[in-house]
Amino acid sequence: LAQAEPNTVKSSGDFALSLFKKAMLNFDDLADRDFGAADSDGEVVDLTTSSSKLVKLLECRAGTGTDAAAASNLQPARSCINRRMQVLVLHGRQSNEPMVNFQLTGLKQAIGKDADIRVLESDLIWTYQEGADNHDADPMSLALAKGKPFKMWFRHTSDDPRVRIDFFKQQDPNVKVTYSEYEPSVDKLLSYVKNEGPVDVVVALFDGSIVVHLAVARLAKMGLRVPWRLSVFFGSMCIRDDNLSEPLASQPSSHPTIHVFGRRDEYYFYHRTAAGRRAPEDYYEDAVILEHSEGHQLPSLGAPQSKLIYERIAEGMRYHCGLTSAVPRRVARPPKPTSFAVRNLDDMTPRKLRVLALCGGHSCAAVIKFQTTQLKAALGKDAAEWTYLEGSKPWSWYEGEPTVSEMEEKIANGAQLKNWYMDTCHEESGKKSDRLNSFKQFDPATRVEYHDVQGAVQHLKKYIMDEGPFDVLVAFSQGCIMAHLLIGHLRQEAPGGRELYPERWKHTRHTAEQMPWRCSVFFSGMHIRDRAFLPLFETRSPHPTVHVFGKRDEYYDYGRDGFGNKPQEEYYVDPVVLTHDQSHELPTSAPRARQIYDRITTEIWRHCGGRPE
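Values in this document were obtained by computation on a predicted structure and should not be read as measured data. (Residues numbered from 1 in each chain as written. Predicted model: local features only at pLDDT ≥ 70, side-chain atom pairs only at ≥ 80, totals over all residues. Heavy atoms only, no water.)

**Remarks on the overall build of the protein chain**
Line of reasoning, step 1. The helix and strand tally for the protein chain stands at 20 helices and 22 strands.
Line of reasoning, step 2. Taken over 613 residues, the protein chain has a buried fraction of 53%.
Line of reasoning, step 3. The long-range fraction of contacts in the protein chain, counting pairs at least 24 apart against all pairs at least 6 apart in sequence, stands at 80%.
Line of reasoning, step 4. Counting every atom, the protein chain has about 27,200 Å² of accessible surface; 50% of that belongs to carbon and sulfur. (Helix = DSSP H or I, 4+ residues; strand = E, 2+ residues; numbered from the N terminus. Buried < 20%, exposed > 50% of the residue type's maximum accessible area, 1.4 Å probe, protein only. Contact = heavy atoms within 4.5 Å. Areas by Shrake-Rupley, 256 points an atom, 1.4 Å probe, with all protein chains shown as cover.)

Here you go:
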């Protein structure tokens, strides 16, 4: 402090800044770097494991002092504050001081008498906006607010022309979001730390975390270090205004942080992936990531992992405040989610997976229900709801068409068999021959004409929009061609918001390339044969697909090669292709059938928010 040269500064504020620059400890070197290196015994705590094992692991001390720090690639523990920790809390959006005091009950118990907790409340009042907010304040929130107004930290707008709730706009990578009135909130935080401090730990909930990120970004841009020792984020959210996130997006901060997420939070996917931008956990070097199995809330008392999470947070707080030299136990970093969870979007509650299965040509709903029995079992009978759909064109056998098997007739039980569309084969000679239709289809010189495709596409689209939402589309044989045609047509239709559709789930399509379901699984599929519709896939679709073929299927080479046309696998950017040794059917023979269904279910859950816990 004696080296601060107070006579060279013009004001008390500049003097404090000079002291800060010259005398503050190097926070970068004292970050929680044990989370990126092996400790003495190489043991890593996984908070998804059983509570008994976790307790045993967390009770095992990593040692003390410089030896323990060296074992974990940490610098020695921070200088001791020699007093109670001073913790500053920022509430979330649609919240206030009384609410956040209730939310922090579990953390307060873990900290005990080691800290004083103060709440910084925003000056902006939040009011419900129909069509923008997910929901109005519920009765419990109103009771916890104790009659005081709800607050928010800043306002924002977007360039999204569609009418849909802000939840969808924020998660759309193509939407530009612009913040306003955020600077007074950042000023309030930094001013409080400077004038009302000391502040050792900042705890921020949900939107409050954005204010902290903005403050850290401002300090980084000014070349200043963060003037508190640790930040703890519950439901950490990204800076969605790209003009403001650059300092942290381009260079992570060495400021120590702990981020806590709920895997059942409707924002979980957004929290950890940030709509294709740098996620908030990646704003910081060696960020500690903790997860619980609840929703958009702090871990509740008595819930699995909650006690362990709060204890781990308290360990980090005490360590960074120099109240203990015991190095906090490492925590395994959980993988990032690959997709948004399956939910009822009206109230954001979890729901079962919904699967729509399209039967093949000259078939019916009963047949595809029977064919998909093993796939249904692999997904789990209680994990998914299935709907079976047949075409709308009555079919009867005629010369050249394949004969329906006895098994199919028995399963159909007299029901009218259907096609998705009818077609005509125009042979090169211009004359009809007695060749089977399949051989005509195989002949590249044959021109195949589909009839009433527009009507068939609109019929299927209407069903999906009326009876949806569906998450997975499963199709067999001609049903696959019908699905290709539908996907191709939907690629040409701009998605809409409430101005077109009243139902929320229809607002989730960010672009025309995003289908109103998550992924498609095709069994014994074939390419589009009518050349009038080939332009639908001049460019590849990013829609996720799985293609399953039987090597003994008479259509195998035709389905894989295209016979002069673009193969269906090339319709899509990243198709998963699986094969088995059976014929024109869904696989049933072990062990290959089990392997295929395991891979399919893995792909389905990858695109549908993960397998339910």
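That shown, we press on.
**A short note on empty space enclosed by the protein**
Line of reasoning, step 1. All chains considered together, the criterion is met by one cavity of 30 Å³ or more.
Line of reasoning, step 2. For the largest cavity, the full set of lining residues is Phe 206, Phe 234, Gly 235, Val 260, Phe 261, Gly 262, Asp 265, His 271, His 292, Gly 295, His 296 and Gln 297. (1 Å grid on protein atoms, 1.4 Å probe; cavity = no way out; pocket = protein on both sides within 12 Å on 5 of 7 lines; lining within 4 Å. Points joined across faces, edges and corners; volume = space filled by probe spheres on them.)

**Regarding the nonpolar core**
Line of reasoning, step 1. Core analysis: the biggest nonpolar cluster contains 81 residues, and Leu 90, Leu 189, Val 203, Trp 228, Phe 234 and Ile 313 have the highest contact counts within it.
Line of reasoning, step 2. For this core, the element with the most residues is helix 9 (residues 207-221), which contributes eight residues.
Line of reasoning, step 3. Apart from residues lying up to four places away in sequence, Val 203 is in contact with Val 87, Leu 88, Val 89, Leu 90, Leu 104, Leu 107, Val 232 and Phe 234. (Core = buried A, V, L, I, M, F, W, Y, C linked by side-chain atoms within 4.5 Å.)

**Re the sheet that holds strand 9 (residues 257-262)**
Line of reasoning, step 1. What the six strands build is an open sheet, ordered 2-1-7-8-9-10; its pairing is parallel. Bordering the open sheet on either side are strand 2 (115-120) and strand 10 (288-292), each of which pairs with just one other strand. Across the sheet, the axes of successive neighbouring strands diverge by a mean angle of 20°, strand direction being ignored.
Line of reasoning, step 2. Bridge count between strand 9 and strand 10: five bridges; the pairing is parallel. Across the sheet, the residue bridging to Phe 261 is Glu 291, located in strand 10.
Line of reasoning, step 3. Of the strands in this sheet, strand 1 (85-90), strand 7 (201-205) and strand 8 (230-234) touch helix 9, which is tilted by about 135° from strand 7. (Pairing = 2+ DSSP bridges. Axes fitted to C-alpha atoms, helices over the stretch in contact; angles between N-to-C directions.)

**Observations regarding the sheet that holds strand 21 (residues 545-550)**
Line of reasoning, step 1. Read across the open sheet, the six strands follow the order 14-13-19-20-21-22; overall the sheet is parallel. In the strand order of this sheet, the two ends are held by strand 14 (384-389) and strand 22 (576-580), each with one partner. Neighbour-to-neighbour, the strand axes of this sheet turn through a mean angle of 15°, independent of strand direction.
Line of reasoning, step 2. Direction of pairing for strand 19 (residues 472-476) relative to strand 20 (residues 519-523): parallel, over a ladder of five bridges. Each bridged residue has a counterpart across the sheet, and for Phe 476 the counterpart in strand 20 is Phe 523.
Line of reasoning, step 3. Across the sheet, helix 17 (residues 453-467) is in contact with strand 13 (353-358), strand 14 and strand 19; its angle to strand 13 comes to roughly 160°.

**Examining the confidence of the model for the protein chain**
In regions of low pLDDT, the predicted coordinates are not meant to be interpreted in detail.
Line of reasoning, step 1. Averaged over the protein chain, the pLDDT score is 87; the fraction of residues at 70 or greater is 87%.
Line of reasoning, step 2. Ignoring residues within four places in sequence, the model shows residues 1-45, a span with pLDDT below 50, making 99 contacts including any to other chains.
Line of reasoning, step 3. In this model residues 48-76 is a low-confidence stretch, pLDDT under 50, and it forms 58 contacts with partners more than four residues away in sequence or in other chains. (pLDDT = per-residue confidence, 0-100.)

**Describing the environment of Tyr 268**
Line of reasoning, step 1. For Tyr 268, the location among the structural elements is in helix 11 (residues 268-273).
Line of reasoning, step 2. Once the C-alpha coordinates of Tyr 268 and Lys 336 are considered, the two residues, 68 residues apart in sequence, prove to be 9.4 Å apart.
Line of reasoning, step 3. Beyond its immediate sequence surroundings of up to four residues, Tyr 268 is in contact with Phe 261, Gly 262, Arg 263, Glu 291, Pro 335 and Pro 337.
Line of reasoning, step 4. Among the polar contacts made by the side chain of Tyr 268, one reaches the side chain of Glu 291 at a distance of 2.5 Å. (Polar contact = N/O pair within 3.5 Å; in protein donor to acceptor, adjacent residues only side chain to side chain.)

**Re the packing of helix 17 against helix 18 (residues 478-490)**
Line of reasoning, step 1. Here helix 17 crosses helix 18 at 85°, and the two axes come no closer than 10 Å. In terms of their interaxial angle, helix 17 and helix 18 are classed as roughly perpendicular. Here helix 17 contributes Val 453, Gln 454, Ala 456, Val 457, Leu 460, Lys 461 and Ile 464 to the contact with helix 18, which in turn contributes Met 482, Leu 485, Leu 486, His 489 and Leu 490.
Line of reasoning, step 2. Of the residues in the contact of helix 17 with helix 18, the class split is nine nonpolar, two polar and one charged. (Parallel < 35°, antiparallel > 145°, perpendicular 65-115°, else oblique. Nonpolar A, V, L, I, M, F, W, Y, C, P; charged D, E, K, R; others polar.)

**Thoughts on the pattern of salt bridges**
Line of reasoning, step 1. Tallying each qualifying case throughout the model produces 35 salt bridges.
Line of reasoning, step 2. Its salt-bridge partner being Asp 466, residue Lys 462 comes within 2.6 Å of it at the nearest N-O pair. Of the two residues, Lys 462 and Asp 466 are both situated in helix 17; the distance of four residues between them amounts to about one turn of the helix.
Line of reasoning, step 3. A salt bridge links Arg 594 to Asp 598; its shortest N-O distance comes to 3.1 Å. Placement of the pair is Arg 594 and Asp 598 together in helix 20 (residues 592-607), with a separation of four residues, close to one helical turn.
Line of reasoning, step 4. Owing to a relative accessible area of 57%, Arg 594 belongs among the exposed residues under this scheme. (Salt bridge = Lys/Arg side-chain N within 4 Å of Asp/Glu carboxyl O.)

**Quick word on the pairing of strand 8**
Line of reasoning, step 1. Extensive coverage of strand 8 is indicated by the burial of five of its five residues.
Line of reasoning, step 2. Of the two faces of strand 8, the one holding Leu 230, Val 232 and Phe 234 and the one holding Ser 231 and Phe 233 are both buried throughout.
Line of reasoning, step 3. Bridge count for strand 7 against strand 8 is five bridges, and the pairing is parallel. Counterpart to Val 201 in the pairing with strand 8 is Leu 230.
Line of reasoning, step 4. Note on the crossover from strand 7 through helix 9 to strand 8: the handedness is right-handed.
Line of reasoning, step 5. Sheet topology note: the strand 8/strand 9 ladder contains four bridges and is parallel. The residue bridging Phe 233 from the neighbouring strand is His 259, located in strand 9.
Line of reasoning, step 6. Once you follow strand 8 into helix 10 (residues 242-250) and on to strand 9, the crossover reads as right-handed. (Right-handed = clockwise from strand over helix to strand, strands pointing away.)

**Topic: unusual backbone geometry**
Line of reasoning, step 1. In this model, Gly 197 is joined to Pro 198 through a cis peptide bond whose omega is 10°.
Line of reasoning, step 2. Mapping Pro 198 onto the fold places it in the loop between helix 8 (183-195) and strand 7.
Line of reasoning, step 3. Residues Gly 468 and Pro 469 are joined by a peptide bond in cis, for which omega reads 10°.
Line of reasoning, step 4. The phi torsion at Asn 413 lies on the positive side, around 55°, for a residue other than glycine.
Line of reasoning, step 5. Structurally, the position occupied by Asn 413 is in the loop between helix 15 (406-412) and strand 16 (418-419).
Line of reasoning, step 6. On the basis of relative accessible area, Asn 413 is assigned to the exposed category, the value being 68%.
Line of reasoning, step 7. The backbone of Asp 452 shows a phi angle near 55°, a positive value even though the residue is not glycine.
Line of reasoning, step 8. With respect to the secondary-structure elements, Asp 452 resides in the loop between strand 18 (447-451) and helix 17.

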